[in-house]
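A look at the structure
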Amino acid sequence: MIGGIRFALARARAAAAPLATLAIVAALAALLIVGVAGVVASAETREARAALAAATGDRAQAVLTLDESVSPDAAAAAASRTLTALGTAEALLVSAEGGDVVLRPDLSRITAVDALTLADALPGVRDGVEEATGERPQLSGGLQDTFGEVRAGIEVRRGPTAVALGLLALLTAVVVGAVALEPVRARETETRLMRARGARLRDVIWLSLLEAFVVALAGAAAGAALGALAVVAFTSAVVSLAVGVAAVAGVAVAAAIVAATGTARGIDRGGSRARAVADVGAIVLLAVVTGLAVWQFLQAGTPVVARSDGGAILDPLVALAPALALGLAALLAVALATPLARVIAAALRPSRGVSPVTPLRLASRRPGRHALSITVVAFAIGSITVTAAYASSLVALGDAPEALRVGADVKVGTIPDDVEAADVAAAASPEAAMLARPLSAQGAEGRIPILAVESARLGEVMLDAEGTIDPAAMSAALRLPAPQRVLPGDTLAMSLLAPAAPPMEHNGEVFEPGVPAFQVRVTVAGASGALDTFFFSNADFVEVEDDEGNTYTEPDVRAEETVVFDLPPGDEWALAGIAVAYHPLSYAPGTAEITAVTSGGEQVDLSGFRPAPGTAGDVEVSESALLFAPEAAAGQPSTRVVSSAVPATVPAVITAELAASMSLAVGDTIALELIKPEVEADFEIVEVVPVLPGTASGEGMLVDLAALTLASPFEITPSQAWLSTGDPGAAAAAVAAAFPQTAVTVADPRSAQNAAGTAWAFLLAAAGAVVLAIAVLILRRTRSRADSRELALLAVMGLGRRRASRLRAQEDLFAVAMGVLGGIAAGAVTAWLVVAPLVRAAYGNVPEAYPVPLRVDPLTLTAAVLIAVAVFCLIVSSVRAPSRLAGLLREDE
């Protein structure tokens, strides 16, 4: 090093003021970064603790089942040592209970970092116990799955918080770099003299680099320590050492790089054209990098990228995309400042006053003096704009994603076949209930989700996802038309005539097949849209055991069977369909005639019935009877007739993206083959909606359960119950207690709370940007010797001290105005590009089909911008001319 340590210290003392400023700014930058990171960690810890507190039963613990020869106390001690080695000693409570070791989260001490670590490390605890005891325990319990869900939520929400930290980090680097350049400029003459006296360029650069690095490192370390103490004092989190070291190192490295680059450019100055080409090249490179980052952001939607093993990694370029966009816009504001100042000054040329023409001319002739001020102000205002849009969009979205995921206040799924869905719904005593059956159909590009529901209940039960859909309108479009031929009584009677089949010859032997056995399914539709089904047969089959202990089936087949069904009360019913099939144990062919169909003593007119589309066999329809010649076919186990009031196609509501992929519009029909049961049906598109609640992806088709049942040769039984209730928690608990084999889903209020927690990172980042802008403006307000001489010259030329100060303030106010305008424009464009994807990422479960509109509260945004601008203007307006002018004017004599 040139001159050794003593020379370096003496050189630093000569520039004590700018170096002290660098240390202060470095401390402030590190303090802001560590503070924001600490607040993010605190929010993640609250999220983890809330999720673990909500876990109950088996999901709240992990159990190590030990061999009888192993001491539970020794195994518990080994588990504690393993947790200590993992750095999670205080995260879990370890206890020996009944010969087993039980691990439970300590909700008062566990942190988000602990939860992320334990998501993969719980099997390592088992390995540690095995290593200590020599016996391998069995790990059970759902705690690891709970930790996995916590990790998934935290990692998803780290995308928006990474963007907020990127905004603050980039502005911090700009401000620290600008302040680090001041000592270089202050000693520019000295540095050239050293170079002229034979000092090597490398040595001069290293001297400046080390000086800036050491000073910035010391300041950043102090600021990071203060920030960590503040986080511990005011939050429940602890900033990790890695975050503090990264913040300190980043600040110090940024200062060192700028100092080295400034020194190199100041010593060996090239031509002005070469320097201009280099500057333009740097701006073009920044534009290319910004474009690439923004493109990747729009493709990914979040900086968090999923790994193949289920984890996630952070893409730093995507995280910096919004910050780079704001930075590029700030540079554009700097570039536009000069021509805009010239245009305004030219327009005001006829005026005779010094103001505002002279300040504008000064601003247009020295754009470099205001470049940093414009940049930091534009960045601060842009950050405020993005933050306001992000927070407002989160508030506007609220609980809609959870309502979209569940579809109703309570949804009960996986109802077994031997349990009536209506009984499950009744167990909760809901205000309204809707039975449903999720299905799927094979499409050209994959399976199509189809949700069959009791459409008459849509308006009462299905949530509208914050006005995105209109369940009542969907109900009107889907439900069957009102029955035209209402059954007059409260019963329905009919007879089945099955004449004996004629004699048949087999292998030269004639035999009597007897009376054929049939199964009949009768469907009635109500005015409310409900559907009810009755079954009967003309045969009974009983198992008979002979004297030798052999069992066989003995049929009792009747040629005539008359049945009477009681219609459910409280509705007006009409006969909608009849299906006839051979009994599975019958071997006699023949025909079946449905006749004497009456209700309330009156004959039911059957002339309006027709064979169902695609049905097998033959049907003869008359006014008083239906003659079936059943025939079984693939996917058609019965021969069916339906009422003329039943539409030939099943009305369907489809989501917009799915409709576009299948080239469907309202009024189009499409034939689909359902899977389980295998049913072919024709669907008519009656409405297109943005999203479909209650489905995994928000995409699919919605049909009426009754209409689909009438179009199906199989009975489609509901397997879900959607409930509307004022107390979802109590309703879910009642269903879970009565039917523990079902899966009960309710909207999780923690989803919106966790998403809203990410807004704090943006709020603090915007506040940090404003603080850094204030620091820069205060430093710029401080007069250098050149500034003081300029003010003195203006004062003695007739303006006076006050008018000279006012002229300088007006020049700086123009720079603030350019920064404000550039920041608002940049913030608006950036918010339009990134807010919707970030909001979607903050929730983690918002389907792509669900629209996330950009919302901004104009009053909040206006108030925040005005307060920041007022502070900026007060700072730049407080400049004062020096009190002694003569000495400044005679310095060059």
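Residues numbered from 1 in each chain as written. Predicted model: local features only at pLDDT ≥ 70, side-chain atom pairs only at ≥ 80, totals over all residues. Heavy atoms only, no water.

Helix and strand counts for the protein chain stand at 25 helices and 30 strands. Within the span of the protein chain, comprising 893 residues, buried residues form 48% of the whole. Long-range pairs, those at least 24 residues apart, make up 77% of the contacts in the protein chain with a sequence separation of at least 6. Element-wise, carbon and sulfur atoms account for 58% of the exposed surface of the protein chain, whose accessible area totals about 41000 Å². (Helix = DSSP H or I, 4+ residues; strand = E, 2+ residues; numbered from the N terminus. Buried < 20%, exposed > 50% of the residue type's maximum accessible area, 1.4 Å probe, protein only. Contact = heavy atoms within 4.5 Å. Areas by Shrake-Rupley, 256 points an atom, 1.4 Å probe, with all protein chains shown as cover.)

Our next topic: the pattern of salt bridges. Should their charged atoms come close, side chains of opposite charge can pair. In this structure the tally under the stated criterion is 13 salt bridges. Arg 136 is the salt-bridge partner of Asp 127, the closest N and O atoms lying 3.2 Å from each other. Note on Asp 127: relative accessible area 35%, which makes it partly exposed. The exposure class of Arg 136 is partly exposed, given its relative accessible area of 47%. Where Arg 558 meets Glu 561, a salt bridge forms, and the shortest distance between an N and an O atom there is 2.5 Å. Look at Arg 558 and you get partly exposed, because its relative accessible area is 23%. (Salt bridge = Lys/Arg side-chain N within 4 Å of Asp/Glu carboxyl O.)

This part covers unusual backbone geometry. The phi angle at Ala 596 is positive, at roughly 55°, despite the residue not being glycine. On the secondary structure map, Ala 596 appears in strand E19 (residues 592–599).

Spatial strand order, E14-E13-E18-E24-E21: five strands in an open sheet with antiparallel pairing. Edge positions in the open sheet fall to strand E14 (531–537) and strand E21 (609–611), since each of these has one partner strand only. Geometrically, the sheet is characterised by an average inter-axis angle of 20° between neighbouring strands, direction not taken into account. Where strand E13 (residues 518–526) meets strand E18 (residues 573–582), nine bridges bridge the pair, whose relative direction is antiparallel. From the neighbouring strand, Gly 526 faces E18, where its bridge partner is Trp 573. (Pairing = 2+ DSSP bridges. Axes fitted to C-alpha atoms, helices over the stretch in contact; angles between N-to-C directions.)

The subject of this paragraph is the environment of Ala 706. Examined against the element boundaries, Ala 706 turns out to sit in helix H19 (residues 705–711). Residues Ala 706 and Ser 455 lie 251 residues apart in sequence; the distance between their C-alpha atoms is 8.5 Å. Dropping the residues within four chain positions of it, Ala 706 is found in contact with Leu 480, Gly 529 and Leu 531.

Now for the packing of aromatic side chains. Per the counting criterion, the structure on display carries four aromatic pairs. Residues Phe 518 and Tyr 582 carry aromatic rings whose centres are separated by 5.2 Å and whose planes lie at 25° to one another, so their mutual orientation is stacked. Linking Phe 518 in strand E13 with Tyr 582 in strand E18, this pair joins segments that are 64 residues apart in sequence. Judged by its relative accessible area of 28%, Tyr 582 is partly exposed. What links up through ring pairs into an aromatic cluster is the set Phe 534, Phe 536 and Phe 565. (Phe/Tyr/Trp six-rings, centres within 6.5 Å; stacked < 30°, edge-to-face > 60°.)

Glancing now at the packing of helix H3 (residues 72–86) against helix H4 (residues 112–133). Relative orientation of the contacting elements H3 and H4 amounts to 135°, with a least axis distance of 8 Å. With respect to their mutual orientation, H3 and H4 come out oblique. For the element pair H3 and H4, the recorded crossing hand is right-handed. Residues Ala 75, Ala 78, Ala 79, Arg 81, Thr 82, Leu 83 and Leu 86 of H3 form the contact with H4, whose own contacting residues are Thr 117, Leu 118, Ala 121, Gly 124, Val 125, Gly 128, Val 129, Ala 132 and Thr 133. Grouping the constituent residues of the contact of H3 with H4 by class yields 10 nonpolar, five polar and one charged. (Parallel < 35°, antiparallel > 145°, perpendicular 65-115°, else oblique. Left-handed = near helix turned anticlockwise from the far one by under 90°. Nonpolar A, V, L, I, M, F, W, Y, C, P; charged D, E, K, R; others polar.)

Attention now goes to a nonpolar patch on the surface. On the surface, Val 280, Val 284 and Val 288 cluster together into a nonpolar patch covering about 260 Å² of accessible area. Within the secondary structure, Val 284 sits in helix H9 (residues 272–300). (Patch = residues over 30% accessible without salt bridge, like charges linked within 9 Å, V, L, I, M, F, W, Y side chains within 5 Å.)

Let us now look at the pairing of strand E10 (residues 491–497). E10 sits mainly inside the fold: five of its seven residues count as buried. Both E10 and E19 contribute to a ladder of four bridges, which runs antiparallel. Pairing of Ala 493 across the sheet is with Thr 598, part of E19.

Turning next to the side chain of Ser 475. Structurally, Ser 475 can be placed in helix H17 (residues 471–478). Among the polar contacts made by the side chain of Ser 475, one reaches the main-chain carbonyl oxygen of Ser 455 at a distance of 2.5 Å. Those residues in contact with Ser 475 that lie beyond four places of it in its chain are Ser 455, Ala 456, Leu 458 and Gly 459. (Polar contact = N/O pair within 3.5 Å; in protein donor to acceptor, adjacent residues only side chain to side chain.)

It is worth spelling out the nonpolar core at this point. Counting 113 residues, the largest nonpolar core has Leu 22, Ile 381, Tyr 390, Leu 702, Tyr 850 and Phe 872 as its most contacted members. No other element matches helix H13 (residues 367–397), which puts 13 residues into this core. In this structure, Ile 381 is in contact with Val 820, Gly 823, Ile 824, Val 865, Ala 868, Val 869 and Phe 872, ignoring residues within four places of it in sequence. Membership of the second largest hydrophobic core comes to 32 residues, among which are Ala 612, Ile 654, Leu 658 and Leu 674. (Core = buried A, V, L, I, M, F, W, Y, C linked by side-chain atoms within 4.5 Å.)

As a further point, take H3. Here H3 spans 21 Å end to end across 15 residues, near enough to the 21 Å set by a 1.5 Å rise per residue. By the burial criterion, the buried members of H3 are Ala 75, Ala 76, Ala 78, Ala 79, Thr 82 and Leu 83. Summarising the axial view, the buried residues of H3 lie within an arc of 160°, below the 170-degree limit, and thus occupy one face. The outward face of H3, more than 90 degrees from its buried face, is lined by the exposed residues Asp 73, Arg 81 and Ala 85. Tucked inside the fold, the buried residues of H3 contact strand E2 (92–97), strand E3 (100–105) and H4. (Expected span 1.5 Å × (residues − 1). Arc of directions from axis to C-beta.)

With that settled, the discussion passes to a negative patch on the surface. There is a patch of like negative charges on the surface, built from Asp 399, Asp 464, Glu 466 and Asp 470. By secondary structure assignment, the location of Asp 399 is in the loop between H13 and helix H14 (400–406). (Lys, Arg positive; Asp, Glu negative; His and termini not counted. Charge placed at Lys NZ, Arg CZ, Asp CG, Glu CD.)

Here Gly 768 lies in helix H22 (residues 759–781). On the basis of relative accessible area, Gly 768 is assigned to the buried category, the value being 2%. For the pair Gly 768 and Ile 33, spaced 735 residues apart in the sequence, the C-alpha separation amounts to 8.5 Å. Excluding its chain neighbours within four sequence positions, the residues that come into contact with Gly 768 are Leu 32 and Leu 168.

Another point: the side chain of Asn 754. Tracing the sequence through the fold places Asn 754 in helix H21 (residues 749–757). Look at Asn 754 and you get buried, because its relative accessible area is 16%. Those residues in contact with Asn 754 that sit more than four places away from it in its chain are Glu 47 and Arg 157.

Okay, the sheet that holds strand E4 (residues 138–140) next. Each strand in a sheet pairs with its neighbour through backbone hydrogen bonds, running either in the same direction (parallel) or in the opposite one (antiparallel). Pairing is antiparallel across the open sheet formed by four strands, whose spatial order is E2-E3-E1-E4. On the outer flanks of this sheet lie E2 and E4, each paired with one strand and no other. Taking the axes of each pair of neighbouring strands and ignoring which way they run, one obtains an average angle of 20° across the sheet. Of the pairings in the sheet, the one linking E2 to E3 comprises six bridges and is antiparallel in character. Bridging across to E3, Ser 95 finds its partner in Val 102.

For the pair helix H2 (residues 16–54) and helix H7 (residues 201–234), the least separation of the axes is 6 Å and the interaxial angle reads 35°. In the packing of H2 onto H7, the handedness of the crossing is right-handed. For the pair H2 and H7, contact is made by Leu 19, Leu 22, Ala 23, Ala 26, Ala 27, Ala 30, Leu 31, Val 34, Gly 35 and Gly 38 and by Glu 211, Ala 212, Val 215, Ala 216, Gly 219, Ala 220, Gly 223, Ala 224, Leu 226, Gly 227, Ala 228 and Val 231, respectively. Split by residue class, the contact of H2 with H7 holds 16 nonpolar, five polar and one charged.

Let us now look at the confidence of the model for the protein chain. When pLDDT drops low, the exact placement of atoms in the prediction is not to be read closely. On average, the protein chain scores 81 in pLDDT, and the residues at 70 or more come to 86%. Here residues 885–890 is a poorly scored stretch, pLDDT under 50, and it has 13 contacts once near neighbours within four places are set aside; other chains count. (pLDDT = per-residue confidence, 0-100.)

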